Every structure is written in C-alpha cells, then in structure tokens.
Amino acid sequence: MAAPAFPAAALFVYRCLLFAPAIVVGLLLTLPPIAGAQRHTASDNPSTYNIGGVLSNSESEAHFHTTISHLNFDQQYVPRKVTYYDKTIRMDKNPIKTVFNVCDKLIENRVYAVVVSHEQTSGDLSPAAVSYTSGFYSIPVIGISSRDAAFSDKNIHVSFLRTVPPYYHQADVWLEMLSHFAYTKVIIIHSSDTDGRAILGRFQTTSQTYYDDVDVRANVELIVEFEPKLESFTEHLIDMKTAQSRVYLMYASTEDAQVIFRDAGEYNMTGEGHVWIVTEQALFANNTPDGVLGLQLEHAHSDKGHIRDSVYVLASAIKEMISNETIAEAPKDCGDSAVNWESGKRLFQYLKSRNITGETGQVAFDDNGDRIYAGYDVINIREKQKKHVVGKFSYDSMRAKMRMNINDSEIIWPGKQNRKPEGIMIPTHLKVLTIEEKPFVYVRRMGDDEFRCEPDERPCPLFNATDSTANEYCCRGYCIDLLIELSKRINFTYDLALSPDGQFGHYILRNNSGAITLRKEWTGLMGELVNERADMIVAPLTINPERAEYIEFSKPFKYQGITILEKKPSRSSTLVSFLQPFSNTLWILVMVSVHVVALVLYLLDRFSPFGRFKLSHSDSNEEKALNLSSAVWFAWGVLLNSGIGEGTPRSFSARVLGMVWAGFAMIIVASYTANLAAFLVLERPKTKLSGINDARLRNTMENLTCATVKGSSVDMYFRRQVELSNMYRTMEANNYATAEQAIEDVKKGKLMAFIWDSSRLEYEASKDCELVTAGELFGRSGYGIGLQKGSPWTDAVTLTILEFHESGFMEKLDKQWIFHGHVQQNCELFEKTPNTLGLKNMAGVFILVGVGIAGGVGLIIIEVIYKKHQVKKQKRLDIARHAADKWRGTIEKRKTIRASLAMQRQYNVGLNSTHPPGTISLAVDKRRYPRLGQRLGPERAWPGDAADVLRTRRPYELGKPGQSPKVMGATPAMLGRTRPQQNVLPPRYSPGYTSDVSHLVV
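Note that the structure is predicted; figures quoted are calculated from it, not measured.

Cut-off values and rules
Residues numbered from 1 in each chain as written. Predicted model: local features only at pLDDT ≥ 70, side-chain atom pairs only at ≥ 80, totals over all residues. Heavy atoms only, no water. Buried < 20%, exposed > 50% of the residue type's maximum accessible area, 1.4 Å probe, protein only. Helix = DSSP H or I, 4+ residues; strand = E, 2+ residues; numbered from the N terminus. Contact = heavy atoms within 4.5 Å. Disulfide = S-S within 2.5 Å. Phe/Tyr/Trp six-rings, centres within 6.5 Å; stacked < 30°, edge-to-face > 60°. Lys NZ or Arg CZ within 6 Å of the ring centre and 35° of its normal. Pairing = 2+ DSSP bridges. Patch = residues over 30% accessible without salt bridge, like charges linked within 9 Å, V, L, I, M, F, W, Y side chains within 5 Å. Areas by Shrake-Rupley, 256 points an atom, 1.4 Å probe, with all protein chains shown as cover. Salt bridge = Lys/Arg side-chain N within 4 Å of Asp/Glu carboxyl O. Lys, Arg positive; Asp, Glu negative; His and termini not counted. Charge placed at Lys NZ, Arg CZ, Asp CG, Glu CD.

Visitor: Help me understand helix 12 (residues 342-352), please; the structure alone is not making it clear to me.
Guide: Structurally, the α-helix is built with 3.6 residues per turn, so residues lying three or four positions apart point the same way. Along helix 12, the residues that are buried comprise Ser343, Gly344, Leu347, Phe348, Tyr350, Leu351 and Lys352. The inward-facing, buried residues of helix 12 contact strand 3 (111-116), strand 4 (141-143), strand 5 (160-162), helix 11 (303-324) and strand 12 (361-365).

As structure tokens, this is what we get:
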C-alpha cells in the first residue's frame, strides 16, 4: 500500500461520513488487502479471546487493561481454559484515521468485540466510524459514552450496543414525573434534529402504550419545534402564552436552552405558576431559572464504571455462547469483502439478552441495543445555579422495574414557591356545547321579531360549518338550569351553542397515512371536545368506557340505565265486545237451552190434564192452553228479565220447569254482568315485553321491530355485549337518527320497542299515558358533564355536583323537568280508576238494537203487504159470495113462483067447479103481482133490478096461525082502485129456503 495515498483517501472518507455514513462500508471494500492476512476458521471454540478498545485517554486504556486482567480470575464469568486479552487504540479526532486504526490494530488481531468511547471535541463521528467498520464484519461494538439517537438505527449500526441510554430515553422519566405530579396537559419544546424528534416520538408512543387507560395520561396541548442554534425564541413564546398548559417539557442543547430561558424570562414565563422540566443538556445552561426541574444520568461521566460493565457484559455473553454453540474465530482481514462472521451476529444477540448488576446499576438492553434500567437524578435548580437532588429514578430489584421517588417538600418551584403549581391556566370563559334532548334541553328557534330569549332560557346558536352561519335558538331545561347554577357556584362565564351535527357523537376508525393501526375519529359533541373546539359539554351525555378514553367526565349528575319504551297494548273493542264475557260455546248452549225449554214448556202444558181450567167460577169462558209461540216468548222473557204479561204456563209441571228456568236465567245474567264489568271496565292491559331478556327480543320475529339511536351510547353498549349480538344485528338496520323520530313512531305504532336512556323514556311515559316502559333497567350508568382531558375544571365541577346531590338541588330538577308531578299523578289516577265505557265498547249493543229495529220494520212491512193481499182475496171472496146469493135468490124466486102458480092452478081448478074463470081472487093476485106472469132470467137478478128491491122490502105482517096474510087495511073494493106495487114479492111459502150457497161458489 502506497503511503501517499492515505491522506487523500482519508479526506474522501471523512467527507462521505458527513453526508452518507453507509458509503464508508463501500470504501472499505476498495482498501488494498493487508499483507499476510488470511481467512481463518476453526471447528472448536477458541481458548483465547481478544477484546478491542477504542478509548479517549490513557487512563481509560489502563483501566481497560486492568479490568480484563481481573476478569481472567473471575470464574463466575470466565470458563476454565479461557483467557481474555485486551487490544486498545487511542480514539482519533479524524474518523478516517480511526477506521484504518481499527483495521490495522484491532481486526488484524482478531478481536471478538470492541469497546468504544468518544472524544469530547470530535463528538460521535469517531465512534460512528468504529461502528461502521466493525459492523461490516459483524463484530459487536459496545459504546460507553455515545448517546445520540442515530446509534439506535440498526439499519446503519447493525452491531452497536451501549451501556448508556440515548438522550431520548429521558421521555420515559418525563412521563413518570408527570404522573407523580398529576400533570395531564403539557407543552413540548424540542429541537428539529434527530434527537429532538426522537424524544417527542418516544413521549407520545410511551404515553399511548403505558398510560392509555389511566386517567392521568399526559396530553400534549402544543408542540413547539425550533431549529438548532436559534437566536430568538420570542415567536414561539407568543403561541405558548395563549395555551392553557403551564407545564413545559424541553429538549435543547445548552446553547439553545440559554436563548429560550432568556426570552421566556422576558415574557414572565419562568415565574410563579409555570413548571419547567428539562433534559440534561439544558440543565447546564448558565441562566437556568430557579425552580427548574431537570434530569441527570447517574454515572454519566464514569468511563471506568462503564468500561468494567461492558467488559463483564461481553464475558457473560461469551460464556453462555460457549456453552451453547461453537464460536468461529473472528475475522482478520479488512480487505476480504466475502467475510461473513455468523458467530459475531450470534454474539450480538447474546449481548442484547444480558441483564446483570454492574457498577453503573442494572445493565440490560432493548431490541435496539440501548441501555435500559439506567438511573437518573431529579435535579432542582436553586439560587446561584445550585443543583439540588430532590428525587431519583432507579431500578427496583424487588419489582424488577424502574421506580420514581421524589421528595416534594424539598422542591422549590418557580417564583420561590413551596406549593406545587396547578400547571395550567384556568380559563374563566368557556365554550359550552349542548344538544336537544327533552326534558334535559328544550330548543326553540327565535322569531324574526325577537331579540332576546325568555328569562328562563339561554341563547344557544347553531353554527353551520358549511357556510359559517349561525341560527339563533333559545334553550331551557334540566341541563340549562344545571349549567346556570354551576357557573354561579364555581364562577365562570360561558358561551352556549348547539351540537353542529345534532349528534352526541360516535367514533369512526380511519387509517391515516398508511398507518398499521387504525385511529378513532369522533363526530358530534365528542368530536368538538376531543379536538379542543369546545371546553365543556352540558347535556345528557352517558358515561361509558369508549368516551372516557378520550375525554374527562365529572361525577354523574343523574344516575340512569337503559330501558324499553312501547305503546300500551290496548285491547281491541270489536262490534261484538258485549259477547266477550262468554265463550262461543256457552253462547250456543244458552241459545239452544232457550228453545229447548220453550218446547218442553209447550209440551208439558199441552198434554197435562190440568193444563186447562177456569180462572174463576164466575167466568164462563175456558182459558186457552199455552201454545208454542207463547212458550218461546215466556222463555226469552224470563232469560232477559222482562215482564211476562200473558202466555204463562197453566199446568203445575210446566210451572215447576218455569221456576227452574228462572233460576238458571238469574245465574246466567249475574255471571254475564260480572264478566262484562271485568272485560270492559276493570281490565288494564299489560306490557307486551318483559324486558331485555324477552325471548322475542333476543330472537327477533318479523312482526316485532326494535331500534335505538345509531352512534349513541346505547348503540355502543349493544356492540360491547356479546350475548346481545344477534339482537344488535337485527335492530341495527332499524336504528334512527334521533330519539324524537323513534318515539313518534312508537306512538304511531310503526315501531314496537324503542331502547333508550331510562330518564328520557320515563319522561315520555309520564307525559303520555298511552306509553309505558317495559322491564327492569339494564346497562346502568349515569349522565356526566364532559370536559377535555386534563381540564382544570374537572375537580371543581365534580365537587359542585356532589354538593348539589347533598343539598337536594338535583332532586328538585328531577321533579321540575323529568317527572312532571301533576302529569304523573294523572296517569296513576287513570291507572287506578275504572275505564269509562265509550261507544267503541258498546257499539255492538247499539248495533243489535238497530238490527232489532230494522227487523221489526221489515216484519211490519211484510205484514202490511200480506194483509193487503188477504184483503183483496177477501173482497174477491165477498163478491163471489154476493153473486152467489143473488143467483140463489133468483132460483128461489123461480121456485116460489112455480109453487105459487101451481097453487093458483090448483086453486083455480077448485074454483072452476063453482065459479067461472076470472074470479075476484085471480084479479086481486094479478093486481098485486102484476109481474108474476113475466119470465125473469138470472141476468136480471143483479143490483139495480126491481127484484133486488123486492128482496129488501119489509116482510108481510103475519097474522095468527091459520089465517091468511092480510092486505094492510085494504078492502076488496080498494084493491081495484089501488096502483099496483111493482116491488112487492110474494110471500115465501117454501120451507126449503136457506142462505147456504157454498155449492155455487167457484
């Protein structure tokens, strides 16, 4: 190798180290091979092990040599027939020279590991050069003073370990201190270099990992990043001054810390009420304010202690490796690019698994090879820059973990205060959000002509994020009264506003920027509070684990649970409601019994020998027997309890049956009346559901719909409960956007069961007597006031709410807004008093009466029509009878005339023997009956004929028996002068005359 080539190559490598450290590995491949270098392998474990050292001074080199010499006599760490030798070189300020020295003096001598410190003036460039060179050959490197975050990158420093922790591990101590002092909101100030960003990342990661479910988890309110070697910090202080937190965590170099402390003092941000917690470098600024707390690594400058611990860690790893596997010899040639020392890689893994107690404390490593379990002193800056130790962060061997011990009484806080500052500036004007939820918050929109709300209301505008407009509303209710009293009691002012989207809020899982883990983003009221756009939520906000993870809750101002609201199942009143007391079978039997008893009564009265008797001896008329129609009338009259005026049984046997039937009717009527009252008056409907465990809810049928409000606390509850998963999957599709819509659908009958907070549903049930809550409460929780994580108002609000409970103020709000005492009493009175029968209950009876009336009218119409038919028939019969009578009269007349003529002939025959024809008798007869000689046919026998007149004339006066009829005072002489009477009929001589002409009727 030509000597003149070294300076140029070294300068080139040095420049490459500044920009791309990985290039050094490539440069090593271009170096000429060292003379005599050969690749050596062995199947057995070596008996001698060379340990290299790149140290900063001769004192460290001597101590390194002494430590290895003593190690060879420590049988606890060194097996028999194993010897350790030291090979040391001096750390050079030039990292290129350091690289060549490592190759020429350490790798040439087959070192199995290298212990490296750093030179104060050159920083960590030379240790980095050692790490690059050794790492290329898989030779483990143990740093004893390098604390830069860059050494934690195993992609570059593949085999680097260190017995000192990196600077960014101080974030773990910060979190322990914040937990001890109960500070939950901080401002982080850090430089923009690798270490500054590393400490911020470590703080956030550790906070989420170890304090995620703890109420005291620290939240970063503001992150201030600055460029190193700054000249002024004033611009950042303006933003810090407007924040709430007064706890500052600062990572900065000593020079940058001086500038920050200088400017912070000018803005009065280092005095009373402020808390500064800084890292080691900032603690050594010459203007560090009094009261600042800082950290100091134990044994930070004890190279001897770290040298000893590193040597013994290495010996412990080699001892375990010897017992488990074969160790190949270390590489010897830097010029051989094909070297792949697998034993070195295995040795590095053994080193990372070490956990021993050394001079610097408990020595162990994480996956990056960084020291863990390192101890720190908590330093408090006093007057004249005196550093006073007030606590320790040390390893607890009993619990096998780190523990923080701080003596609070020894701390002097900024402003020379002995009392711990609150760590936060408590704002006195808060932005409060609420949401419409009766009866807790009633919302009314202001009219165009209104300029202010009513005395019991408060303005609560609704901000529209889309067009940045605000609609004016007025709010009142349970929560508004609570907010008013809270503000008076703990002395704060507020601006009240409604939820922008009208929702309580639920989380949405999002994957931002390709992150592996999903992040929860909240909407509604929760989103406003989590994103610090609001200070407080005063609404019926249910306390649950999902929300408590992201916001603070006060103690519950009202305890409640989850219940089910449904409409009372009113019994349907049909037209035949009056028939409900008896079953159909019983009604049929009663109807059959009426007619059977009527038939038996008729038969008994008909065939009884005593069924016909006279009511009185003075009455000559015999009473008629009971006919079938009267028997039916009697049976119905007794059953319906109506008076029986006629048609009663007459026989003793029938009357006995009648009394039995009357008793039967009394029992039937009394039973019907009692059951009718039970059905129509006293019956109160039961709830259809027994509670959340009702089988119809767990295995929801098609005709049973239940729902809740999507994204609400009740929705979250069902998500958590595995046993309700089937029910949740069914109801998820039916969930509503707001509770008002669901309650309205329950009233209309569209929704059968609404699952919601018990307070709201009890209010609705007390307001509307047709609604009822079903079953017992489940999922018990409470309503709390929501605040930001770490809010200074949390304790004050909680204590005030407890005082309200004790003083009865919360009970007063319950009576005023939730229970509505008078309305609830009316519902209870309605429950206890009988129902008032209405038309829908008795409609069937009225319809029955209407049917009876219509039936009666129909029957009378039929009767009238039938009667008219009978009258017409009777008239025809009378006409026929009249005609027959006339016909018969005519015939009789003829018979009479024939008889008279026959008698006259006989008479004349008798007279011819003594008198001549034409005697006086014949003359008289002709004179009296001038028409006797005329022939009259039947056609002349109709009304109007002279014969009709003759029929209706008065009969002759008869004389005594045996005498002839007399002519009324006429003498034979007068007969000749008298006008003949044409309407006079001859006397009825025929005894066979009768009015029966039935044989003539056609």
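Visitor: In this structure, what is going on with the state of the cysteines? I would like to understand it.
Guide: By definition, a disulfide links two cysteine residues through a covalent bond between their sulfur atoms. In the structure shown here, the tally under the stated rule is three disulfides. Here Cys103 engages in a disulfide with Cys334; their sulfurs sit 2.4 Å apart. Across the S-S bond linking Cys103 and Cys334, the dihedral sits near -100 degrees, which makes this disulfide left-handed. Taken together, the residues span a long stretch of sequence, with Cys103 in helix 4 (residues 95-106) and Cys334 in the loop between helix 11 and helix 12 at a distance of 231 residues. Accessibility classification places Cys103 together with Cys334 in one group, the buried group. The partner cysteine of Cys460 in its disulfide is Cys475, sulfur to sulfur 1.9 Å. Because the sign of the S-S torsion sets the handedness, a value of about 90 degrees for the bond joining Cys460 and Cys475 places this disulfide among the right-handed ones. Here Cys475 lies in strand 22 (residues 473-476) and Cys460 lies in the loop between strand 19 (458-459) and strand 20 (462-464), a separation of 15 residues in the sequence.

Visitor: Help me out: how do you make sense of the packing of aromatic side chains in this one?
Guide: Two descriptors summarise a pair of aromatic rings, namely the distance from one centre to the other and the angle between the planes of the rings. Taken as a whole and assessed by the stated rule, the structure comprises 27 aromatic pairs. Judged by centre distance (4.9 Å) and plane angle (90 degrees), the rings of Phe136 and Tyr137 are edge-to-face. Residue Phe136 is classed as partly exposed on the basis of its relative accessible area, which comes to 22%. Counting every residue linked through ring pairs, the aromatic cluster contains Tyr49, Tyr84, Tyr112 and Trp341. Across the ring face of Tyr312, the terminal group of Arg308 is positioned such that the distance to the ring centre comes to 4.2 Å.

Visitor: Teacher, can you tell me more about the sheet that holds strand 12 here?
Guide: Within a sheet, each strand pairs with its neighbour through backbone hydrogen bonds, oriented either parallel or antiparallel. What the three strands build is an open sheet, ordered 11-12-13; its pairing is antiparallel. Bordering the open sheet on either side are strand 11 (355-358) and strand 13 (371-372), each of which pairs with just one other strand. Pairing analysis gives four bridges linking strand 11 to strand 12, with the strands arranged antiparallel. Paired with Thr357 across the two strands is Gln362, which belongs to strand 12.

Visitor: What is the right way to look at unusual backbone geometry in this model?
Guide: Glycine aside, residues mostly have negative phi, and peptide bonds are mostly found in the trans state. Put simply, Lys438 and Pro439 share a cis peptide bond, and its omega is 0 degrees. Look at Tyr373: it is not a glycine, yet its phi comes out positive at around 65 degrees. Its identity as a non-glycine residue notwithstanding, Lys416 has a phi of 55 degrees, on the positive side. Mapped onto the secondary structure, Lys416 falls in the loop between strand 16 (401-406) and strand 17 (429-434).

Visitor: I'm lost on a nonpolar patch on the surface in this one. Help?
Guide: Together, Ile853, Val857, Ile860, Ile861, Val864 and Ile865 make up a nonpolar patch on the protein surface, roughly 530 Å² of accessible area in all. With respect to the secondary-structure elements, Val857 resides in helix 27 (residues 839-912). Judged by its relative accessible area of 44%, Val857 is partly exposed.

Visitor: I tried to follow a positive patch on the surface on my own but got confused; where do I start?
Guide: Taken together, the side chains of Lys868, Lys872, Lys873, Lys875 and Arg876 define a basic patch exposed on the protein surface. Mapped onto the elements, Lys868 comes out in helix 27.

Visitor: Sorry, what's going on with the pairing of strand 11 here?
Guide: Put simply, side chains in a regular strand alternate between the two faces of the sheet. Because side chains alternate across strand 11, one face comprises the buried residues Ile356 and Gly358, and the other comprises Asn355 and Thr357, none of which is buried. A loop of two residues connects strand 11 with strand 12, the two strands running antiparallel in sequence.

Geometry only, nothing functional implied.
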